[in-house]
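# Secondary and tertiary structure notes
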Amino acid sequence: MGKYVLKRLFIMVIQLLGVVVFVFFILRLLPGDPAIVQAGPFASEEAIEITRKEMGLDKPLFEQFIAYMKQLTKGDLGESYVTGNDVADDLRIRFSATISLVIIATIGATLIAIPLGIFQALHPDSLFDRITNIYGLLAGSWPDFFVGLILIYLFFYLLGWAPPPDGKMSPLIFPPKFITGSYLVDGLITGNFEAARSAASHLVLPSIALIISYCGVIMKMMRTTMIHVLESDFIRYANLIGLPKKVVRNYAIRNALSPVISLIGIRIGVMIGGTVLIEQVFSLGGLGQYAVQSASMSDYNALTGFLIVACIITLVSLLAVDLIQASVDPRIRY
Amino acid sequence: MSRGKTDRNKSGPLGSMSCLKEPLVTKILEVEHLVKNFPLKDGQVVWAISDVSFDLSEGETLGLVGESGSGKTTIGRCLLRLIEPTSGSIRFQGTELVNLPKKDLRAIRPQMQMIFQEVFESLNPRMTVGDIVDEPLKLWTNQTKGTRKEKIKQLMSLVELDYSLADLYPHQLTGGQQQCVGIARAIALNPKFLVLDEPTSALDPTSHAEIMDVLKRLQEEFGFAYLFISHDLTAVEHISHRVAILYLSKLIEIGRKDEIFRSPQHPYTNALLSSVLFPDPNITSRPFILCGEIPSAVNLPKGCFLYKRCPVAVEGICDTEFPKPRDCGHQHKVYCHNLDGSLNYFQKLIREKVCK
Amino acid sequence: MKLFLSMGWETIKKSNLYMFGFISSVIFLILWAIGPYLAPYNPLYSDFDSFNLPPSSQHWFGTDQVGMDIFSRVISAPRIDLTIAFLANIISVVIGSILGVITGYYKNWWSEALARILDLIQVFPSFILAMTAVVISGQNIQNLIIVIGIFNVPIYARLVRSKVYAVRESKFIEAAICTGNSDRRILFFHILPSSLQPAYIQFSVVLGWVILLVSSLSFVGVGVRPPTAEWGAMISTGVPQILIGHWWIPIFPGLALGLCVLSFGIMGEALNKIMDPTRL
Ligand SMILES: Nc1ncnc2c1ncn2[C@@H]1O[C@H](COP(=O)(O)OP(=O)(O)OP(=O)(O)O)[C@@H](O)[C@H]1O
Ligand code: SF4
Ligand SMILES: [Mg+2]
């Protein structure tokens, strides 16, 4: 196992390099001029020219690449011209809000979807199967931000159960000291339970929206894989030689789990993208909202910095998924 | 019942010419020391063919018999260079095929064809029957569409397919019809030599017999040479002039059909024959079954591959060295160290059985 | 082709779900063609005498905060959404198929590397990539199409590649070599047609995803800008409105968007069923 982890880490480092190179070239090769974007909409010709020099865009591509890599290794993502802060600092402050949402949504969706899918596969064509199938069909079609909006209308406007979508926690409460950046965790650590409660209640709707959106795909995948496994020769064999039903079922689940987990890995990018949109709806003040704001203000450094961080988050999640899969799947050799 | 008789009549003249007229028969294919192994990811290799030699004359059928996984298909694919042999020599009408440049190989292709074990998979699902049979003609002749159409009709009637099937797709045909399409395609360019890789194993018994008849008739009419691959001994007995027995990538016995079936020498051949009931009363069934498992083709044992399962194995010889071919006359070759022991052992078994 | 159409129709007729998807897809395609002409009001005309009106017989879906008729805007939106999605998807399908065939057919280091890169891109948050790229290349419809088109290339490349892998190992390719086909003819005549099928079967499904992506981008203000009638942008203007109970402003465009994606998804599944060789 240890050797496998090392190998996987090594691959991730290579992937990371790939990402950095990819981001650099895609940004430079796209039509459009970063200098014009960075200089802002009202900049004069000379101002754009100066910005171009400042950004080193007048140098040859290779030299730019070297400079960019040097900067990156120092953890320097440049300065945001909107907030005036270091982009790296801006991102660090907002990081945990986003991550906690991603983790809650991923784990929540997985934990709900997998049992549902297994149950469906064990009782195909039952009423439950048909209802959940319709749900699966619908869930993939509506964007998560729309689901979020409907939840807001129902639970905030009509029923009044949920707090308004006005941030990480109620603006009337004094925020806890900054430790991790997540008000929920910080509130619990510092004993500011009021803040923690408020932060938790502000996370409920966005989490549910994400879970509703992503459960469907995972459930569908679990159902098809499980049915496939149940029809496979070795399960037939296990039934034939008279193994207890429960043993066979667990056997099948174990074998069906692995492809589903790798699907979750592939979908994680989509989930992170969805989080950006959900943050926007609920003004959660995480990376996503920052990115959207930078996008609307054409904040070049902030946007590329965010892109790199988002890619890194994806890679790390992918690594986590792979490791989980390796520990679940009996067939993977270390 | 009468089949056995006609069979003997047919193989008779060929058998009798073996000593005197042999130089007159043109060898179409000579295979020497053919080896093919597949490297696995973990550095080990699968030995699919190890050191196999045989030859084939014009118009002759060589039956190639062996259990599943013994390397029969691999031999066929190597002969046509559909895969690259690891080493050895394959001479086809005097031309060395191994290492033949791609361009020259392509020029030879029309003369040697293959009928595939996986009948349906060997037909492009997006082409109609007519297009499939037409393809070789289109590629290799300059005939107009009209002439080619006539030729297609002719080919299809040769394999007993109705021309009305020409516009159908392979999946709309029965297994037997699919195989006929495969045969029509293979003989379209009038090849010299055909590899028939278990042409009937995927078919039901009726189409089985039909295909065998078609193949036999075609050979009589056009003088094709066949390498007939099968693990169905009755079919082999029905169609072959000579028979080669394969065990775990090695050739262990080869000879004229009557020699192999009436006086098998190798213990493995004896075991194979004992498992089948022949309609021909002259072939005595042998009450003998091999025990034990076939060794893995990945880690081949040293010495004779049958050593662990052989009832007449000689310790110290059989487990150290693979036997050299022993000539028993009439082109009958056997790869065994202890031929006398084997002979005695099986004669005794048969006598015991007859006495009982 | 006739056979295929009739068989397709048979399949669709047999299932209520496919029938629903088919009819609703056709409706969206009609709206794409002539939606703006069917609209009772000018979708861009804001009537300051009647803003924030709830649904009524006058304004079926109500009016928004600047007095535009939501029904007219909802049925005009396919014009822009579907056009962008179609063009972007065509870019992806063409480039993706070419790359898929290349990476599937050639077994050397650069095709291997290309395949890895494509896989890697597919793992990344496409929404975030697209958002960044659109902002940097300049926000206009043309760039939106190009960027979305490029970032969806891996979906098709991957589908085609794995199919090429399977097809090139199949027995009928071996038979084709035996018949004496040239390498070129084997690639273009035997491998290519069979390998492209999964790409165009998936076209409809991906079209749905692309529509989602376009409206998500517009929702954050990076794609199509208001007041153009576009579902994502319309939902976005409705976000503050829903807090004060004006639910119809974002809900109707959202429902239309989801319905459209759903229909194309169902059509994709139906196509899958129709093209499934095991059913033939
Ligand atoms: N492409 C390949 N890669 C690795 N091993 C292979 C490959 N092709 C064949 N083999 C191995 O070579 C051996 C011989 O296979 P082959 O297909 O020639 O057997 P066969 O005698 O035709 O069997 P069957 O009667 O089942 O058709 C088998 O052990 C098989 O697993
Ligand atoms: S060589 Fe030895 S082990 Fe092999 S078959 Fe002959 S007697 Fe048996
Ligand atoms: Mg075989």
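Just so it is clear, the structure is predicted and the values come from calculations on it, not from any experiment. (Residues numbered from 1 in each chain as written. Chains lettered and ligands numbered in written order. Predicted model: local features only at pLDDT ≥ 70, side-chain atom pairs only at ≥ 80, totals over all residues. Heavy atoms only, no water.)

## A look at the environment of Ile261(A)
Residues and elements named next belong to chain A. Our working definition: Each helix corresponds to a stretch of at least 4 residues labelled H or I by DSSP, and each strand to a stretch of at least 2 residues labelled E; elements are numbered beginning at the N terminus. Three labels apply to residues, based on accessible area from a 1.4 Å probe with only protein chains included: buried if under 20% of the type maximum, exposed if over 50%, partly exposed otherwise in between. Should any heavy atoms of two residues lie within 4.5 Å, those residues are considered in contact.
Here Ile261 is to be found in helix α11 (residues 245-282). Note on Ile261: relative accessible area 11%, which makes it buried. Separated by 43 residues in sequence, Ile261 and Ile218 place their C-alpha atoms 8.8 Å apart. Excluding its chain neighbours within four sequence positions, the residues that come into contact with Ile261 are Val321, Ile324, Gln325 and Val328.

## Brief notes about the coordination of the magnesium ion (ligand 3)
Residue and element names in this part refer to chain B. We count it as follows: Keep in mind that water is not among the atoms, so a site may look incomplete; donors are the N, O and S atoms within 2.8 Å of the metal, or 3.2 Å for Na, K and Ca.
At the metal site, the magnesium ion (ligand 3) is ligated by Thr73 (OG1) and Gln117 (OE1), and these contacts range over 1.8 to 2.3 Å. Of the two residues, Thr73 sits in helix α2 (residues 72-79) while Gln117 sits in the loop between β6 (112-115) and α4 (129-140), which places them 44 residues apart along the sequence. A residue is classified by how much of its surface remains accessible, and Gln117, at 24% relative accessible area, is partly exposed.

## Description of the site of ligand 1
Residue and element names in this part refer to chain B. Threshold: Whether a residue is near a molecule or strand depends on its heavy atoms: if one lies within 4 Å, it is near. In the analysis that follows, any N or O atom pair within 3.5 Å is treated as a polar contact, provided that within protein one partner can donate a hydrogen and the other can accept it, and provided that, for residues neighboring in sequence, both atoms belong to side chains. Areas reported here follow the Shrake-Rupley algorithm with a probe of radius 1.4 Å; residue values treat only the protein chains shown as occluding. Three classes are used, and their members are as follows: Ala, Val, Leu, Ile, Met, Phe, Trp, Tyr, Cys and Pro are nonpolar, Asp, Glu, Lys and Arg are charged, and the others, Gly among them, are polar.
Taken together, 13 residues lie near ligand 1, and Ser68, Gly69, Lys72, Thr73 and Thr74 sit nearest. Take Gly69: an N or O atom from its main chain is 2.8 Å from an oxygen atom of ligand 1. In the complex, the protein chains occlude 66% of the 630 Å² of accessible area that ligand 1 would expose alone. Counting residues per element, the ones that place at least two in the shell around ligand 1 are β2 (45-57) and α2. By residue number, the principal contributor to the shell around ligand 1 is α2, which donates 3 residues. For the shell around ligand 1, the residue count by class is 3 nonpolar, 7 polar and 3 charged.

## Focus: the pairing of β6(B)
Residues and elements named next belong to chain B. The criterion, for reference: Here, strands pair whenever DSSP counts at least two bridges between them.
Side chains Met112 and Met114 of β6 all project onto a buried face; the interleaved residues Gln113 and Ile115 project onto the opposite face, where all are buried too. Inspection of the sheet shows β6 paired to strand β7 (residues 193-197) by 4 bridges, in the parallel sense. For Met112, the partnering residue across the bridge sits in β7 and is Phe193.

## Remarks on the interface of chain C and chain B
Put simply, the rule is: The quantity reported as buried area is the accessible area (1.4 Å probe) lost by two parts once they are put together, taken as the sum for both. Basic side-chain nitrogens of Lys or Arg form a salt bridge, by our definition, when they fall within 4 Å of a carboxyl oxygen of Asp or Glu.
Opposite the 19 residues of chain C that make contact, chain B presents 23 residues. Of the roughly 2000 Å² buried where chain C meets chain B, counting both sides, 56% is carbon and sulfur surface. Scanning the region where chain C abuts chain B turns up 3 salt bridges. Close ionic contact of Arg77(B) with Glu174(C) constitutes a salt bridge, the shortest N to O distance being 2.7 Å. Here chain C is connected to chain B by 12 residue pairs in polar contact (both at pLDDT 80 or more). Elements with a contribution of two residues or more to the side of chain C that touches chain B: α8 (171-179) and α9 (183-219) of chain C. Looking at the side of chain C that touches chain B element by element, the count peaks at 8 residues for α9(C).

## Thoughts on the site of ligand 2
Every one of the 13 residues lining ligand 2 counts as a neighbour, but Cys304(B), Cys310(B), Cys318(B), Cys336(B) and His337(B) are closest to it. Across the shell around ligand 2, the residue classes break down as 10 nonpolar, 3 polar and no charged.

## With respect to the pairing of strand β9 (residues 242-247) of chain B
Residues and elements named next belong to chain B. For β9, a buried count of 6 out of 6 residues is recorded, marking the element as mostly surrounded by other parts of the structure. Side chains Arg242, Ala244 and Leu246 of β9 all project onto a buried face; the interleaved residues Val243, Ile245 and Tyr247 project onto the opposite face, where all are buried too. Both strand β3 (residues 61-66) and β9 contribute to a ladder of 5 bridges, which runs parallel. Directly across from Gly66, in β9, lies its bridge partner Leu246. Across 6 bridges, the pairing between β9 and strand β10 (residues 250-256) is antiparallel. Counterpart to Arg242 in the pairing with β10 is Arg256.

## Topic: the sheet that holds strand β5 (residues 95-96) of chain B
Residues and elements named next belong to chain B. Spatial strand order, β2-β1-β4-β5: 4 strands in an open sheet with antiparallel pairing. The open sheet is flanked by β2 and β5, the only strands paired with a single partner. Sheet topology note: the strand β4 (residues 87-92)/β5 ladder contains 2 bridges and is antiparallel. When the bridges of β5 are listed, Arg91 appears paired with Glu96.

## Some details on the sheet that holds strand β8 (residues 225-230) of chain B
All names here are of chain B. Basically, it comes down to this: Only C-alpha atoms enter the line fits that serve as axes; for helices the fit covers just the stretch in contact. Angles between N-to-C directions range over 0 to 180 degrees.
Here 8 strands make up an open sheet; going across it, the order is β6-β7-β8-β3-β9-β10-β12-β11 and the pairing mixed. One side of each edge strand has no neighbouring strand; the edge strands of this open sheet are β6 and β11 (325-327). When strand polarity is set aside, the average angle formed by the axes of neighbouring strands in this sheet is 20 degrees. The pairing of β10 with strand β12 (residues 333-335) spans 2 bridges and is classified as antiparallel. Across the sheet, residue Glu253 finds its bridge partner in β12, namely Val334. Seen against the sheet, helix α10 (residues 267-274) touches β3, β9 and β10 and runs at an angle of roughly 105 degrees to β9.

## Quick word on the packing of helix α1 (residues 2-29) of chain A against helix α13 (residues 300-328) of chain A
All names here are of chain A. The condition is simple: Angle categories: roughly parallel below 35 degrees, roughly antiparallel above 145, roughly perpendicular from 65 to 115, and oblique for all the rest. We call a crossing left-handed when the near helix sits turned anticlockwise from the far one by less than a right angle, and right-handed when that turn is clockwise.
Where α1 meets α13, the closest approach of the two axes is 10 Å, and the angle between their N-to-C directions is 155 degrees. If you check the angle between α1 and α13, you find them roughly antiparallel. Relative to α13, the crossing made by α1 is right-handed. Residues of the contact of α1 with α13, tallied by class, amount to 19 nonpolar, 2 polar and 3 charged.

## Considering helix α5 (residues 87-122) of chain A
For clarity, the threshold we go by: For a helix, the expected span equals 1.5 Å multiplied by the number of residues minus one. Fitting one axis to the seven residues ending at a residue and another to the seven starting there, the bend at that residue is the angle between the two axes.
Here α5(A) contains 36 residues, and its C-alpha end-to-end distance of 51 Å stays within 8% of the 52 Å for a straight helix at 1.5 Å per residue. The axis of α5(A) is deflected most strongly, by about 40 degrees, at Arg94(A).

## Quick look at α1(A)
It helps to recall that an α-helix has 3.6 residues per turn; residues three or four apart then point in one direction. Along its 28 residues, α1(A) runs 40 Å from first to last C-alpha, staying within 8% of the 40 Å computed at 1.5 Å per residue. Along α1(A), the residues that are buried comprise Tyr4(A), Arg8(A), Met12(A), Gln15(A), Val19(A), Val20(A), Phe22(A), Val23(A), Phe24(A) and Leu27(A). On the buried face of α1(A), the contacting elements are α4 (61-73) and α13 of chain A together with α4 (109-123), α5 (126-137) and α6 (141-151) of chain C.

## With respect to the pattern of salt bridges
Two side chains of opposite charge can pair, provided their charged atoms sit close to one another. Summed over the entire model, instances satisfying the criterion amount to 28 salt bridges over all chains. Across the salt bridge formed by Glu32(B) and Arg91(B), the nearest N and O atoms sit 3.4 Å from each other. One end of the pair, Glu32(B), is in strand β1 (residues 27-39); the other, Arg91(B), is in strand β4, and 59 residues separate them in sequence. The exposure class assigned to Glu32(B) is partly exposed, which follows from its relative accessible area of 35%. Each of the salt bridges in this network shares a partner with another, and the network as a whole consists of Glu112(C), Arg116(C), Asp119(C), Arg158(C) and Arg161(C).

## With respect to the interface of chain C and chain A
If you look at the interface, chain C gives 44 residues, while chain A gives 48 residues. Between chain C and chain A, a total of about 4000 Å² is buried, with carbon and sulfur atoms accounting for 84% of that surface. On inspection of chain C and its partner chain A, the count reaches 1 salt bridge. Between Glu269(C) and Lys220(A) there is a salt bridge, and its shortest N-O distance comes to 3.8 Å.

## Digging into the environment of Ala133(C)
All names here are of chain C. Relative to the helices and strands, Ala133 resides in helix α5. We classify Ala133 as buried; its relative accessible area is 2%. Separated by 18 residues in the primary sequence, Ala133 and Phe151 have C-alpha atoms spaced 9.8 Å apart.

## Here's the deal with a nonpolar patch on the surface
Going by this rule: Two joining distances apply to patches: 9 Å for like charges and 5 Å for nonpolar side chains (Val, Leu, Ile, Met, Phe, Trp, Tyr), and every residue must have over 30% relative accessible area and no salt bridge.
A cluster of nonpolar side chains, Leu154(A), Tyr157(A), Leu158(A), Leu159(A) and Trp161(A), forms an exposed patch at the surface whose accessible area comes to about 540 Å². Here Leu159(A) lies in the loop between α7 (144-158) and α8 (183-190).

## Description of the side chain of Arg185(B)
Operational definition: Charge counting treats Lys and Arg as positive and Asp and Glu as negative, with His and both chain ends excluded.
Inspection of the secondary structure puts Arg185(B) in helix α6 (residues 175-187). As a buried residue without a salt bridge, Arg185(B) has its nearest oppositely charged side chain in Glu135(B), at a separation of 5.4 Å. A polar contact of 2.9 Å, which involves the side chain of Arg185(B), links it to the backbone oxygen of Ser122(B). Once you skip the residues sitting within four places of it in the chain, Arg185(B) turns out to touch Ser122(B), Leu123(B), Ile132(B), Pro136(B), Ala175(C) and Thr179(C).

## A closer look at the arrangement of the chains
Pairwise contact counts over the 2 pairs of chains in contact peak for chains A and C. Spatially, chain A and chain B are disjoint, and the shortest separation between their C-alpha atoms is 12 Å.

## Regarding the nonpolar core
Here is a general trend for soluble globular proteins: nonpolar side chains tend to be buried in one another's company. The test is simple: Only buried residues count toward a nonpolar core, which is a set of Ala, Val, Leu, Ile, Met, Phe, Trp, Tyr and Cys residues joined through side-chain atoms within 4.5 Å.
With 156 residues, the main nonpolar core has Phe306(A), Phe127(C), Met131(C), Ile211(C), Leu217(C) and Trp231(C) as its most contacted residues. With 16 residues, α11(A) is the largest single contributor of residues to this core. Those residues in contact with Phe306(A) that sit more than four places away from it in its chain are Leu91(A), Val276(A), Leu287(A), Gly288(A), Ala291(A), Ile128(C) and Met131(C). The next biggest cluster of nonpolar side chains, apart from the first, holds 98 residues, and it includes Ile75(B), Ile115(B), Ile183(B) and Val195(B).

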